[in-house]
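Listed here are the chains, written in short residue letters.
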Amino acid sequence: KKGIHRILISFGGEDPNKLTIHTMKCLEKLASCIKILIVIGPFFKHRDQIKDLNSHLGDKFELLENSFDLSNDIFTTDFLITAIGATLFEGISHKKSCIVISNYTSDKADEIKLSKFENVTTIGYYEKIIKDENLLLNVLKKKLSSLPNL
């Protein structure tokens, strides 16, 4: 649909550092004309926390559970917010604009390599988006402004 952009948020099967929740809090001020799909992995220990936060935020996010094949979701999205892993590489192969938030400080070497891809923006270690709630939002807004039909 013209004018509607899609964002897919996926932090793997487990999301050990609750990046999904941190990302939701960062993006709660994003325009409602943007469709945001959140994947809840099969081993998330904080799925109820995600659902409660989404309810508190007026069900701003569409939640997807028990999905083991994200190929179509990645293919139909404009942006992918994820960590380093299989979903990221699938997004890169589909030439999707990817924003990477790292789970571990040891991901730095991979971030440097990934930043060489034109369609990848690395945010760095996830604590950065907790300290600066506008960091992720501003990166995303800048990317959105470069797209037509917003």
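Residues numbered from 1 in each chain as written. Predicted model: local features only at pLDDT ≥ 70, side-chain atom pairs only at ≥ 80, totals over all residues. Heavy atoms only, no water.

### Overview of empty space enclosed by the protein
Part 1 of the reasoning: Here the structure, examined in full by the defined rule, presents one cavity of 30 Å³ or more.
Part 2 of the reasoning: Its boundaries defined by the atoms lining it, the largest cavity holds a volume of some 30 Å³.
Part 3 of the reasoning: Taken together, Arg6, Ile7, Leu8, Lys35, Leu37, Asp73 and Thr77 make up the lining of the largest cavity.
Part 4 of the reasoning: When contributions to the lining of the largest cavity are tallied by element, the ones reaching two or more residues are β1 (5-10) and β2 (34-40).
Part 5 of the reasoning: A total of three residues in the lining of the largest cavity trace back to one element, the largest contributor, which is β1. (1 Å grid on protein atoms, 1.4 Å probe; cavity = no way out; pocket = protein on both sides within 12 Å on 5 of 7 lines; lining within 4 Å. Points joined across faces, edges and corners; volume = space filled by probe spheres on them. Helix = DSSP H or I, 4+ residues; strand = E, 2+ residues; numbered from the N terminus.)

### Observations regarding the nonpolar core
Part 1 of the reasoning: Formed by 30 residues in total, the largest nonpolar core has its most connected members in Ile7, Ile81, Ile101, Leu136 and Leu140.
Part 2 of the reasoning: For this core, the secondary-structure elements that each account for two or more residues are β1, α1 (19-27), β2, α2 (47-56), β4 (79-82), β5 (97-102) and α7 (134-145).
Part 3 of the reasoning: For this core, the element with the most residues is α1, which contributes five residues.
Part 4 of the reasoning: The residues touching Ile101, leaving out its near neighbours within four places in the chain, are Phe11, Leu19, Thr23, Ile81, Thr82, Ala83, Ile123, Gly124, Tyr126, Ile129 and Leu136.
Part 5 of the reasoning: Core analysis: the next-biggest nonpolar cluster, separate from the first, contains 12 residues, Ile74, Leu80, Leu88 and Leu114 among them. (Core = buried A, V, L, I, M, F, W, Y, C linked by side-chain atoms within 4.5 Å. Buried < 20%, exposed > 50% of the residue type's maximum accessible area, 1.4 Å probe, protein only. Contact = heavy atoms within 4.5 Å.)

Keep in mind these values describe shape, not function.
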